[in-house]
Structure formats: C-alpha cells, structure tokens
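Chain residues, written in single-letter form:
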2 protein chains.
Amino acid sequence: MKNVKERLAELRGAMAEAGCHAFIMPSSDPHSSEYAPLHYTAWEYFSGFSCENANLIVTAEEAALWVDGRFFGAADAALKGSGIASMHMGVKGVPTVEEWLGEHLPKGAVLGYAAETMPLKQARELSEVCRKAGARFVSLPLVDKAWTEDRPALPTTPAWLLSREYAGKTPAEKLAILREKLREQGCTAEIVTTLDSVAWLLNLRAADVEDTPYALAFCYVNEEDAVLFMAEDRLAPEAKKELAEAGVTIAPYDGMPAFLAENKKEETVLIDPRSLNAALDLALRGNKAYSVVEDSDPIVLLKAVKNETELACTRAAHLRDAAHMVRFQKEMEERLAAGETLRETDIDTILHKYRGSDSRFITESFGTIAAWGPNAAMMHYAPKVGADAEIERHGFLLVDSGATYYDGTTDVTRTFAVGPLTEEEKLGYTRVLRCHIDIAMAVWKEGATGGELDMIARQAMWRHQLDYRCGTGHGVGHVGAVHEGPHSLRPHNAVEFVPGMIITDEPGIYTEGSLGVRIENELVCVEAGESEYGRFLRFEPLMYVPIDLTPVLVEELTREEKEWLNGYHADVLGKVGPLLSEEERGWLKKKCAAI
Amino acid sequence: MKNVKERLAELRGAMAEAGCHAFIMPSSDPHSSEYAPLHYTAWEYFSGFSCENANLIVTAEEAALWVDGRFFGAADAALKGSGIASMHMGVKGVPTVEEWLGEHLPKGAVLGYAAETMPLKQARELSEVCRKAGARFVSLPLVDKAWTEDRPALPTTPAWLLSREYAGKTPAEKLAILREKLREQGCTAEIVTTLDSVAWLLNLRAADVEDTPYALAFCYVNEEDAVLFMAEDRLAPEAKKELAEAGVTIAPYDGMPAFLAENKKEETVLIDPRSLNAALDLALRGNKAYSVVEDSDPIVLLKAVKNETELACTRAAHLRDAAHMVRFQKEMEERLAAGETLRETDIDTILHKYRGSDSRFITESFGTIAAWGPNAAMMHYAPKVGADAEIERHGFLLVDSGATYYDGTTDVTRTFAVGPLTEEEKLGYTRVLRCHIDIAMAVWKEGATGGELDMIARQAMWRHQLDYRCGTGHGVGHVGAVHEGPHSLRPHNAVEFVPGMIITDEPGIYTEGSLGVRIENELVCVEAGESEYGRFLRFEPLMYVPIDLTPVLVEELTREEKEWLNGYHADVLGKVGPLLSEEERGWLKKKCAAI
C-alpha cells in the first residue's frame, strides 16, 4: 500500500500531465454527503487523515488540508511530517480556502476539481476565485487516474423500504406531500440529490455509508412521475412492488445526466445549489426544456419535523437504548471494581453486546467514542485496537455512542468518573452539566432560532471565558444519519425551532492534554403551553440514562438546575426501570438518587 | 377647539373633494423621526391619541389606528366611542395595515398619503398593496387642508454645536470619517435625512422635538462639499463659524428638492430607503446625474458606537444623575413617611428640582413616567395634573425618567415598594429583577446579536409563560434621542453588539389592571477579556442607583444573581457616595446593604 507521499506524487504526476496547477478535493460525494462512501473519500486517501467538513488542496510544491475545530488537534498530529499543512478553519490569521487560492493561483493557471463530487455552491465560489485571479476552473478526472490502488468500489448493499409502521407515511403519501410543496414554490419538478432526502421521500434504506442506513441514489420527481436512480437489482422484491405502486420507476445510478439531456417536457425544476453536484447542474443547463429555480430542498424541513409515528417509535427506541446503556455502565463499573483491566476499545465491545442483541438493531449510528483522560479532549477521538489507552482508575471516561434501530436512531454521551477527580475536573464537569440543563429546561416564545437558543446553553461557560468549539447540538435523522439539518443549536443558525424537531444537547469542555467532558441527550421540541403572551415551546428529553452525579459540585448549580436534575433522574427510574431486571433496577435506583 | 369627530369630518371633506377613498397617516415626519415635532403629528390630531410607531387610516365610513404593544391598553381606552378602531399590531387575528387596505380598497380607488412625511420603504410597500388591489397610490396635501386650526408651526428653536469636549470629534473630523465610509460603499455622496444622523455628523443640537435636543435639518454630503438645509438665522454665530471651517454651507430647510433637481455633477448617491422620505426620492430620481445606491446610512453604526470622550462624558453624567435620583428617592420616602399626600405628577416635580439644578442640564430626556399601582401596567403611562393617582401606601410606584445634560443622556427606571406588598407583587418584582441581572451579567463571545442576547433576558420570565410585549432594551443617543438604533435587545434584532454600544436593560412585568414593574439601567458593551476561545464581551452599568431590595424574594435568586446584586450596590455606594452629603450617604448606605 502506498504511503501519503507516494499517493501525492501520483496525483501530482496526473496534475502535471493535465496542465493542472492546483487540485481541490472537498469532503463530499455526488450527493454532498457529510459522511461519504469510502469510494469517494479522496481527501482522506491523499492526506492520510479521516475527517468531515474538510478541503484538501494540492499544488506541485504544497498541500494543505482545511479542518474544523473538532479536528484541530488530531489533524496537527496526523499531518506532521506529511508535507501537508493543517489549516484551522475559522481561526484568526488562518487563510480560508478562497484566500489561500487567491494567493497561490498565478494568472492563466488551472484549478482542477471533480464536478461530480463538488456541490454547485462551492463550485461557483471557487469559479469566482479563479475569475478574480485570472485562472481557469476545470473539472478533471485526476482522482480516478491517481487513485487506482486499493480504491473501494461503489457500494451496492441490499436496499429496502422502511415500513409505514416506523415511517408513519408511505412513499406514495410522501410524494404527494412533496408535489404540494413544489406547487407552492412554483415548481413542477425537483432533482432530489441528498441521500437523506431520497431516504425520507421513498423510505429507502441500505448500508452504503458506514454507520448510516442510506442508499446511494438520486430521485427525479415531477407532477406525474418519479424516477429513482439506483441499480434495480439492489432492491428487495417487496420494495420494488411498493415503489411501483407509488408510481416510481427505476433507472441506473449513473443515468441522471442522460435522463436530463433527453427530456423534452417543459419543467420548472427545483434544485438546491448547496447539495446538487456541479456535474448535474451542467447536464441540466444544457436542456432548454428546463427552467431552473434555486431554493432550499423542501424535504429538508419536512424531514426535520418528525411525525407522530416517528416520534412514538423513536421514544421507544430511546428507552430500549437507555436500558442497554444502563446495563453497559453497570457491567463496566463491576468489572473495574473487580480489578479487571479495561481499555478504551473494550467499551464498544460491551456496548455492542447489549445493543446488538436488540431485535430491532441495524447498526451503530457512528463509531463509538470511548476516551479516557486526556484523550477525551479530542472531540472526535476514535480509539483503535492496539493503540488505545487503558482506563486508569482516576479522572474521566467519556463515552459517546448510539445505534440505529428499525424504529429510531440514538446518540448519547455520558462522562463517567472512574476514580478520584481533581477540583478542575469537578468544576469542568459541573459547568458542562449546567450548560446541558440550561438548554434542557429552556422555555421560549415560538419563533426562536437555534442560534438564539444556543446563547442560553453557553452562558455558564462564557461567564468564565470558556467555550466549546462546536455547536451545542445537531438534528438527528429518523432511522437515518446521526447528523441532520437544517436546525441546530449553533451560533447564528437561523432555523426556527418547531414542535417535532429532534436535537442533541451536548455541550462540552475540552482542554488539550488534560480534560474532556461532554454530556449529551437527544431532546425533542414540544409545546410548553399557551398564555396571554403567546405560544411557548420547550424541549423534552428522548434519552433517559443517569448522569454521573459523583463529579457534581452541587453548590454551583442553581435551585432550578438542581430541580431539573432530580426530576430527570426520577423520570429515568420511572421510564427505564420497568425494562430492567430487579437487580439492574436496584443499581439504577442508586444512580438516580436525588441530590 | 374641534373634537376628533369634527376633525375627521374636515379630513373626509377634503378626501371627497380630492376623490380620495382612503388616507393613511404614519407616525412620521420628513425625517422618519420616532418622535415628530408637533407640526407633523397628524395621526395624533385626527385620532386624538398620542403614540409612536403607529398608522392611522381614514375612509369615508371607517377609521383605524394601528398601535404597538406599549399602547394597547391606552389606545383602547382613548379611542372608545371615537369611531376609530384600535388595532393591536402583531396580535394574531388582527389584520396588518397592508391586509386591511387589501380588503378596503376597491378597484380604481385612490389611497392618499403625504409623500413628504412617509419613508420611502413604507411608500413602496403601500404602492405594492395598491398595485395588487388595482388601486392608485397618490400623494395629496390633505393634512394641510384639513388641519388648519391650532396646527403648531414648524419649530425654529436656537441651534448650536456640541463642543469637541463633549462630542470627542469636530464636524470636520466626522465629515472625513463619513466620506471614507461612503468611498468604502462605492458612493460619492449621501443624503442624510434623519435628525440624529445630522446631529451626529455636525454636532448640531436644538430643541425642535419635545425632550429631544435635535434640529429639523437635512444634510447633503459629497466628496468635497456639505450642505446643511436649515434656516441660517437659527444658528449661533460660533456655530456658523465652525460649520464654515468644516466646509459646510447653509441652505433653506425646504431647499433640498430644488438643490437635487439643479445639480449637474455626476454622483453616486447613497440613500437609506427606511428613512428617506418619498418626496425626496421623487426629486432625486428626476435628475439623471444621480446614480442611486440604496443601503444603510453609515452614520447609524458610527453613531451607535460611542467614542472614548462620549463614554467618559456619559459616565460622568450618569453619576450626577444617580445622585439626583438618590436625593429624589430620599425626599419622596421622607415625605411619605411624614404622612404627606403625594400624587404621581409630584414625582416629576421633585425629580426636576434636582436634575434642573445640575449646571449641565438641558432637558428631561422624555416625559417622566410615574405610575402608582395598576397604572404601572400601562407601559407608557403619562400622569397628567388633575387626572393623576394618589400614591397610596401599598403596592408599587414605578418611576421611569431621565435627562439630557451637555455631557450625556440618561434613562433609568426604578420600581419602589411604597407599602405592604402581596406575594404576587413580590414574585413579579423578583422575576423582573432576575431578567435584569441575567443580561447585566451576561458574557458572550463576540459576534452575538441583540436578538440572540435577548433570549438570556427572558428565560426567567418565559419559564413561567410570562413575557413583556416590548424589547428588553434600546440604544440611547449621546446628548440626543433617548431611543437610538440600530442595535437593540429585542427578538430577532440582527445587529452585532460591539464595545462602545449603549443599551438599556429594562425587562418588566405588566398585568393589566393590577401590576406593573420595570427595572432599568443603561449599560455599555465592554470587553470581558480574551482567552484561547476568543474575545469575550459583556455589559457594564452606566447607571448606579439603588434597586429596591424590600420586594426581593431572595431565595428565588441564584447565587450568581445575588453576587451581582451585592456587587452592584457596593459600586453604587462607592461611585455615587462621594457626590452626596454625609446624611445622604448614610441613607444610601442602608439602601445598599448586602442581601
């Protein structure tokens, strides 16, 4: 297997041949996925570093990888000596991709990219950078040329449809809803490109992306027809039947450009430039039968507001998942107490034993993060067998994990004291807990956005000029991706929270080399009530797992925070207790004692 | 003097003559002022009700006045029996001005307005409403025709320039700053139309608007010249001299349309459609020498961020104002304790005695609100001699007042217990205090907007599904208007807070017919410090007046809130104490005791 320097040399050879001065690889795929199938992870192959939300640029002499706050530390370590600069996005003094290119593109130079794997919006921005620099922006198949060895094939996992029992609506019903929305937006058709939108629209599921139950597919929907672009033989017979009943025809995965070129019917077609790839845009603009409307994909919001069935299912999935988490914690505690040596990777093994035994289990919803001590300061630390730490008997163990079941997707983090704690550790933990509770008990007049609510979470941190370099929380898909928009608890997010939206509440503290704490529940937005002042909303927990109380500096909490915490633990016992054995329930009762 | 029905009859006569189906009067003047000179208060003359942020529409059969939450109760009471409907803006089910017009304008009808007193933005919106209804939107001089009796003349108070000692910069320096900003925005000229922008730009002050030290004037600024449109004889000789030195020439107040029509020089002129009046827009578009750029008036932000001199001056003004407030409260308490009967209007008299004796006093910054008991539930209650309440010996007295001095403008509210309180009163007061403190002690990473920070203020209220139907706070002018933008603490305000911005912090509780509490300080945005997580900002009080502690339910406050409150009172004693006599200081010490 080639090392990073050899891979880059191969790419630079292909670049020289094509007259390409610089080549950019965003962390994307033809569907603008956050997590791409391995076949498309060129930025990882050529940099040797795994991450999302990144851009890798290579020139003859230089290379640079832009990563966000979650990956600063790990990227610095991994890229050391590779000849690739680690660029910290959003940090003062670090040039953006556009600024860097502005300085590195001579007049007349070619900036290469692969149109198929670049979102139209980014392609337009880079095209503008090239225009200003007097350079050219050219789609070139250099990844295919330079990445021949060990390149994973396109995934072709079995595809199936989530039943109405779990999804609440059939593909036919969802197509009707989408067509209504398209009419409202003045459109007759839409190119649905993101995997989660296709999954929602047709209840389509597969295992094409690691830990994410989606199928690589596009969908074209107009007023009468819908075409699903994916290999037909991947679909189970009953899935084909249900799709046919919904009026959905099947075409090859790579058939969309030809389909768009051949169409003769006049259509006003909706595209979302943040997700449509640049190659499809080119195909679309080549056919005069299309008038193009650029706007948000209406499925994004339809999908984000869970229906009653989805909510009931996800509540049930969360309660079972909570029971698995309780059993895991009990086993871990007992084994540590018995003097057994446990390592970070053992955590996933124990968790998988419980979750995997669930009759509705499909997959872990992401790679389990089990990080002891200073490792927990790396937000996206992933322990590897043979290179993981032993869980020593002091400090914290952070465990961030979840699963996708047939009835819901979970994401939960608890940080456990595994021995004596320093005052700094206790204070850090208590501050994170306050941030968590302050969102969990927030009430607001309808109309508030995620950016506005995020302010409430951070007060307990900001007052001490501390912060966490990430959002407070993200949406979660239904039997789907563990990250889902458009809402989030994150500075300046402008999406209004409405009942039915699911969000994680996961503030943290990350002090490089010493401390990492995160406490995470999934919450759902619900009505708090209506008064003469209007309609009020709040969050309600979906996840009911005890929060470790041993590190809490009780005097730091407000009375309201204490009341919330005791109320939450009473609910944990009341809701999860009945799913446990008597012995387990006894253990849980102690964990849920009021403070 | 005619009554409202007679006034409306006069207007309807003029409307019929002009073939006008409906006539709209916004609460504005040629400068889009929040508080208009009396000459322009047509909506008040024809409705008989005084308010801001309103629109009055009159048809042959109907009339309706739109008011915001501050005026709901008072407008309902005042308009009863007048034949004018009281329209509550922002309340579900109440049509907006545009919706109402859409239903009331038949095809071919004329909607009349006065272009000179309507902001361009509103004129465009109404023009669009007319287009949709097939009606015409026509500027008509009906106010001048129908309001002849008792119409106040245009104000012509003496005008002067605020010295550099108080303003920090000369008109010449400010013109240079503005020209730089215009260049950045790609413009060569600007029509400066709002009174506060003209006041800031040229340090111009007068007394044309009640309680607001501004002069009715426009200014035209290009790269070389500046023209001030106002009667020259209003200016003191030294003011004329300083303006001449800054290259400012003087033209008649009503000379702007002719000036714009005659200009031959090609200019790219900046206008702000939210404040430019529709008549000036018409004059501007008639001259092909102008290219028009529509954007925010850059002075708005320049003015909002106070310079070091302005801040030092306003701090000094606030400390003296605090001493006046302390003396007022001491006198009021002693007179009430001595059994004297005091009425609401006596409060302004006592306050004016102290403030008016200040050698730098110019004017009260607004009409003093002194409201006892249920009167305090009316947010903008103004007691009138002969119709004011006696201050009974129970419940609350709310006092909202302020002054403009040569070195700063103040705005402060305290709510005093004047006798025994009910539990509801104590709880309401304590919740308002929590909201006040939560903003006062907020810390945030730079970049947060007023809309985002507003969330922090309201949590202590929203958790109980309570709210106040107004912003948490507004900007304050320097030796200027008591309300000033663009920043505010108000849902969805998108202006980022930066050091040097002044804001009021004035949450409240208003329960119709029973309870009104408001606690207000002016705060200034300052740096909190810089850490590895970025630069943090916070607020610092400008006003140091004791907050009545007798109503506080101490157990409802968090430890941090208690610490803030005790720290604040220690500061009050330390900062204001030295300005007082020994006896006064002794009284203050008791008020500032730690809880």
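Along each chain, residues carry numbers from 1 onward, in the same order as the chain's sequence is written. Lettering of chains starts at A and numbering of ligands starts at 1, both following the order in which they are written. Reporting of local features is limited, given that this is a predicted model, to residues whose pLDDT is at least 70; pairs of side-chain atoms are given and counted only at 80 or more, and all residues count toward the totals for whole chains, interfaces and linings. Side-chain metrics in this entry use all non-hydrogen atoms of the structure; hydrogen atoms and water are not considered.

Colleague: Looking at this structure, I do not really get the interface of chain A and chain B. What am I missing?
Modeller: Much of the literature gives interface size as the accessible area that the parts lose upon coming together. At the interface, 34 residues of chain A touch 34 residues of chain B. Across the interface of chain A and chain B, roughly 3,300 Å² is buried in total on both sides, 49% from carbon and sulfur atoms. By convention in these notes, a salt bridge is any Lys or Arg side-chain nitrogen within 4 Å of a carboxyl oxygen on Asp or Glu. Where chain A touches chain B, the interface holds 10 salt bridges. Of the charged contacts in the structure, one is a salt bridge between Arg469(A) and Glu532(B), with a shortest N-O distance of 4.0 Å. Any two residues whose heavy atoms approach within 4.5 Å at even a single point are treated as in contact. Accessible surface is computed with a 1.4 Å probe, and the buried area is the amount of it that two parts give up when combined, taken over both parts together.

Colleague: Where do I start with the nonpolar core in this structure?
Modeller: Inside soluble globular proteins, nonpolar side chains tend to come together where they are buried. Core analysis: the largest hydrophobic core is formed by 155 residues, its most contacted members being Phe328(A), Trp444(A), Leu453(A), Phe328(B), Trp444(B) and Leu453(B). Ignoring sequence-local partners within four residues, the contact set of Leu453(B) consists of Met455(A), Ile439(B), Trp444(B), Ala448(B), Leu489(B), Phe497(B) and Phe539(B). The set of buried Ala, Val, Leu, Ile, Met, Phe, Trp, Tyr and Cys residues whose side-chain atoms join them within 4.5 Å is what this entry labels a nonpolar core. Exposure is judged per residue with a 1.4 Å probe applied to protein chains only, and the accessible area is read against the type maximum: over 50% gives exposed, under 20% gives buried, and values in between give partly exposed.

Colleague: Quick question: what am I supposed to make of empty space enclosed by the protein here?
Modeller: The gaps left among the atoms become clear once a water-sized probe is rolled over them. Grid spacing is 1 Å over the protein atoms alone, the probe is 1.4 Å, and a cavity is where that probe fits but cannot get out, while a pocket is an open set with protein on both sides within 12 Å along at least five of seven lines and lining residues have an atom within 4 Å of a point. Grid points are joined across faces, edges and corners, and a volume is the space filled by probe spheres set on the points. Per the stated rule, a full pass over the model turns up 6 cavities of 30 Å³ or more. Of the volumes computed, that of the largest cavity is approximately 260 Å³. Along the walls of the largest cavity sit 20 residues, with Arg434(A), Asp438(A), Arg463(A), Asp438(B) and Arg463(B) positioned nearest its centre. In this classification, Asp, Glu, Lys and Arg are treated as charged, Ala, Val, Leu, Ile, Met, Phe, Trp, Tyr, Cys and Pro as nonpolar, and every other residue, Gly included, as polar. Grouping the constituent residues of the lining of the largest cavity by class yields 6 nonpolar, 4 polar and 10 charged.

Colleague: I would appreciate a short explanation of the state of the cysteines in the present structure.
Modeller: Disulfide: a covalent bond formed between the sulfur atoms of two cysteine residues. Residue and element names in this part refer to chain A. Throughout, disulfides are identified as pairs of cysteine sulfur atoms within 2.5 Å of each other. For the coordinates displayed, the defined rule picks out 0 disulfides over all chains. For Cys51, which is in no disulfide, the shortest distance to another cysteine sulfur is to Cys470 and amounts to 16 Å. Of all cysteine sulfurs in the structure, the one in Cys435 sits closest to Cys470, which takes part in no disulfide; the separation is 11 Å. Relative accessible area serves as the criterion here: at 17%, Cys470 is assigned to the buried category.

Colleague: Looking at this structure, I do not really get the packing of aromatic side chains. What am I missing?
Modeller: Any pair of aromatic rings gets described here by the distance separating the centres and the angle formed by the planes. Pairs were defined over the aromatic rings of Phe, Tyr and Trp, the Trp ring being its six-membered one, requiring ring centres within 6.5 Å. Orientation was assigned from the angle between planes: stacked under 30 degrees, edge-to-face over 60, tilted for the rest. All chains considered together, the criterion is met by 36 aromatic pairs over all chains. Taking 5.4 Å as the distance between ring centres and 55 degrees as the angle between the ring planes, the aromatic pair formed by Trp160(B) and Tyr406(B) counts as tilted. Placement of the pair is Trp160(B) in strand β7 (residues 160-161) and Tyr406(B) in the loop between β18 (403-405) and β19 (408-409), with a sequence separation of 246 residues. Put simply, the rings of Tyr220(A), Phe229(A), Phe259(A) and Tyr290(A) pair up and form one aromatic cluster. For Arg320(A), the ring lying beneath its charged end belongs to Tyr405(A), and the centroid distance is 5.3 Å. Strands are runs of DSSP state E lasting at least 2 residues, helices are runs of H or I lasting at least 4, and numbering of each runs from the N terminus. A ring is considered to have a charge above it if a Lys NZ or an Arg CZ atom is located within 6 Å of its centre and within 35 degrees of its normal.

Colleague: It is not clear to me how the pattern of salt bridges should be interpreted in this structure. Could you clarify?
Modeller: Pairs can form between side chains of opposite charge whenever their charged atoms are close. Across all of its chains, the model carries 96 salt bridges over all chains by this definition. The residue Lys445(A) makes a salt bridge to Asp467(B) at a minimum N-O spacing of 3.3 Å. Taken together, the residues Lys445(A) in strand β21 (residues 443-445) and Asp467(B) in the loop between α17 (450-462) and β22 (473-475) connect one chain to another. Judged by its relative accessible area of 28%, Lys445(A) falls in the partly exposed class. The residue Arg320(B) makes a salt bridge to Asp407(B) at a minimum N-O spacing of 2.8 Å. Taken as a pair, Arg320(B) in helix α14 (residues 308-337) and Asp407(B) in the loop between β18 and β19 lie far apart in primary sequence, 87 residues in all.

Colleague: Looking at this structure, I do not really get the sheet that holds strand β19 (residues 408-409) of chain A. What am I missing?
Modeller: Residue and element names in this part refer to chain A. For two strands to count as paired, DSSP must find a minimum of two bridges between them. The strand order across the open sheet built from 3 strands is β15-β18-β19, with neighbouring strands paired in antiparallel fashion. With partners counted over all chains shown, the strands left at the sheet margins are β15 (361-364) and β19, one partner each. With 2 bridges connecting them, strand β18 (residues 403-405) and β19 associate as antiparallel partners. Counted as the bridge partner of Tyr405 is Gly408 from β19. Along the sheet, helix α14 (residues 308-337) makes contact with β18 and β19, crossing β18 at roughly 130 degrees. Relative to β15, helix α15 (residues 344-356) is tilted by about 160 degrees, and along the sheet it contacts β15 and β18. Lines fitted to the C-alpha atoms define the axes, with helices restricted to the stretch that makes contact. Angles between their N-to-C directions range from 0 to 180 degrees.

Colleague: Looking at this model, I keep getting lost on the side chain of Glu522(A). Mind explaining?
Modeller: Residue and element names in this part refer to chain A. Here Glu522 is to be found in strand β27 (residues 521-531). Of the side chains bearing the opposite charge, Lys306 lies closest to the buried Glu522, which forms no salt bridge; the N-O distance is 8.1 Å. Here a polar contact means two N or O atoms within 3.5 Å. Within protein one must be a hydrogen donor candidate and the other an acceptor candidate, and residues neighboring in sequence count only if both atoms are side-chain atoms. Of note is the side chain of Glu522, whose polar atom sits 3.2 Å from the side chain of His318. Dropping the residues within four chain positions of it, Glu522 is found in contact with His318, Thr409, Thr410, Asp411, Val476, Ile502, Ile503, Thr504, Glu540, Pro541, Leu542 and Met543. Only four residue types enter the tally: Lys and Arg on the positive side, Asp and Glu on the negative side; His and the chain ends are excluded.

Colleague: Hey, could you run me through the environment of Arg585(A) in this one?
Modeller: Residue and element names in this part refer to chain A. Considering the arrangement of structural elements, one finds Arg585 in helix α19 (residues 582-591). Considering only alpha carbons, one finds Arg585 and Val198, 387 residues apart in sequence, at a separation of 42 Å. Residues in contact with Arg585, not counting those within four places in the same chain, are Leu573, Gly577, Pro578 and Leu580.

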